[in-house]
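Each chain, written out:
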Amino acid sequence: KTRFEQEAQNIARLRHTHIVQVYDFEFDQANENYYMVMELVDGVTLKDRLFAPENEGKPISLAEALRIMKEAASALAYAHRAGMIHRDVKPANLMLDSKENDRVVLTDFGIAKLLTSSQYTVTGGLIGTPAYMAPEQGVGESGDERSDLYSLGVIFFQMVTGQLPYDADTPLALILKHLNDPIPSPTGMNPSLPTKVDGIIARIMAKDMEDRYQNANELIDDITALQNTLNGREEHDTPPLQ
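Residues numbered from 1 in each chain as written. Predicted model: local features only at pLDDT ≥ 70, side-chain atom pairs only at ≥ 80, totals over all residues. Heavy atoms only, no water.

Here we take up the overall build of the chain. A tally of regular secondary structure across the chain gives 10 helices and five strands. Among the 242 residues that make up the chain, the fraction classed as buried is 46%. In the chain, of all internal contacts separated by at least 6 residues, the share reaching a separation of at least 24 is 66%. About 12,000 Å² of surface is accessible on the chain, with carbon and sulfur atoms providing 50% of the total. (Helix = DSSP H or I, 4+ residues; strand = E, 2+ residues; numbered from the N terminus. Buried < 20%, exposed > 50% of the residue type's maximum accessible area, 1.4 Å probe, protein only. Contact = heavy atoms within 4.5 Å. Areas by Shrake-Rupley, 256 points an atom, 1.4 Å probe, with all protein chains shown as cover.)

The geometry of two aromatic rings is summed up by the distance between their centres and the angle between their planes. Taken as a whole and judged by the stated rule, the model has two aromatic pairs. Between the aromatic rings of F25 and Y34, the centroid separation amounts to 5.7 Å while the plane-to-plane angle is 10°, which identifies the pairing as stacked. Residue classification places Y34 among the partly exposed positions, given a relative accessible area of 36%. Arranged with centres 4.7 Å apart and planes meeting at 45°, the rings of F27 and Y34 form a pair that is tilted. By way of ring pairs, the aromatic residues F25, F27 and Y34 are connected into one cluster. (Phe/Tyr/Trp six-rings, centres within 6.5 Å; stacked < 30°, edge-to-face > 60°.)

With antiparallel pairing, the three strands of this open sheet are ordered in space as β3-β4-β5. Since the sheet does not close on itself, it has two edges, and those belong to β3 (43-45) and β5 (103-106), each with one partner. When strand polarity is set aside, the average angle formed by the axes of neighbouring strands in this sheet is 30°. Across the sheet, helix α3 (residues 62-81) lies against β4 (94-97) and β5, angled at about 40° from β5, the strand it touches most. (Pairing = 2+ DSSP bridges. Axes fitted to C-alpha atoms, helices over the stretch in contact; angles between N-to-C directions.)

This next bit is on helix α1 (residues 2-12). Of all the residues in α1, the buried ones are F4, E7, A8, I11 and A12. Buried residues along α1 cover an arc of 140° about the axis, so they all sit on one side. (Arc of directions from axis to C-beta.)

We now examine α3. Here α3 is 20 residues long and its end C-alpha atoms lie 28 Å apart, about the 28 Å a rise of 1.5 Å per residue gives. With 15 of 20 residues buried, α3 lies mostly within the body of the structure. Positive backbone phi, at 85°, marks G83, one or two positions downstream of α3. (Expected span 1.5 Å × (residues − 1).)

Summed over the entire model, instances satisfying the criterion amount to 13 salt bridges. Note that R67 and E64 form a salt bridge whose closest N and O atoms lie 2.9 Å from each other. Residue R67 and its partner E64 are located together in helix α3, separated by three residues, close to a single helical turn. R67 gets classed as buried once you look at its relative accessible area, which sits at 19%. Ionic pairing is found between E136 and R212, a salt bridge with its closest N-O pair at 2.8 Å. Of this pair, E136 sits in helix α5 (residues 135-138) while R212 sits in the loop between α9 (195-204) and α10 (216-235), and the two are 76 residues apart along the sequence. Classification of R212 by relative accessible area gives buried; the value is 1%. Where salt bridges share partners, they join E39, D97, E100 and R103 into one cluster. (Salt bridge = Lys/Arg side-chain N within 4 Å of Asp/Glu carboxyl O.)

Inspection of the secondary structure assignment puts H16 in the loop between α1 and β1 (22-28). A polar contact is formed between the side chain of H16 and the backbone nitrogen of H18, at a distance of 3.0 Å. Look past the residues within four positions of H16 in its chain and what remains in contact with it is S74, A75 and Y78. (Polar contact = N/O pair within 3.5 Å; in protein donor to acceptor, adjacent residues only side chain to side chain.)

Relative to each other, helix α6 (residues 145-161) and α9 sit at 150°, their axes nearing to 9 Å. Relative to α9, the element α6 lies roughly antiparallel. The chirality of how α6 crosses α9 is left-handed. Side by side, α6 and α9 meet where L149, Y150, L152, G153, F156, F157 and V160 of the first sit next to V197, I200, I201 and I204 of the second. (Parallel < 35°, antiparallel > 145°, perpendicular 65-115°, else oblique. Left-handed = near helix turned anticlockwise from the far one by under 90°.)

Following the sequence through the fold, H18 ends up in the loop between α1 and β1. On the accessibility criterion, H18 (11% relative accessible area) is buried. Spatially, the C-alpha atoms of H18 and A75 are 5.3 Å apart, while their sequence positions differ by 57 residues. Sequence-distant contacts of H18, defined by excluding residues within four places in its chain, comprise E71, S74, A75, R103, V104, V105 and L106.

Here you go:
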C-alpha cells in the first residue's frame, strides 16, 4: 500500500498535456482495493487504430505518424527530466483523445516501475512487451530513457510500414531478433517514404544504447526537420509524401 501510494504521488506530479493526469489516490472500503483516480480520455488507443479492420497491415500517413511520434516524444522528454522511465511504451499505452484532435496521451506511467521495485523483483526478470522491448531490456537490464525511445522507434516503424520490424513464434525468439537481427529498412517496405525515415529508425533502434538518440529532444529535432521538409514540398505544389 505504501509503495502504491508513493508511486501514485510521483505520477501525479507529472503534469503534461500528453501524459494522462492522476488526480487522487483512494481506498475502496467495499472491495478493499487501493486505486488511482485518473483523467478520462475519450478515445481509442493507438493499438485500436492500427489494428482496426480497415487499417490492419497498412501504414498510416507519414504526416500523422510524425505528429504522433512528436507528441509521444514530448511526453517522454518531460517525464525523463523528472526522473521517470516508462519501461513499457507500446501502442496500447498511447491513447488518441477524440475530443482534442486525437491528442496523444501516454498512459500507464510508472506501473512498470511500481512492479519492479528492487526488493520485490526476481533478478533477471523481464518487464515490458517483447515486440517493443529494447535489446538491453531483453537481457534483463532495467534500461533508461534510451530504452523508452527504442520502443517508440518500433512504434514509428509499425506506423509507417504497417508491420513490426521483427516477428517470431515465441517471446524469446522475438527478443533474440531485437538483440541480433539487423534493423529492416522502412523504405524497403514502403518505397513512398523519404530516406530520412530510414535514418531516424536506424538511430532510434540502434542495438547499442550509445548509438541511439540520447534523449527525446534530439529525436524531436529530427522529426521537426522532416516535418518542415514535407511542408516545404507541399507548399511548392508537389505531391505530399504519404
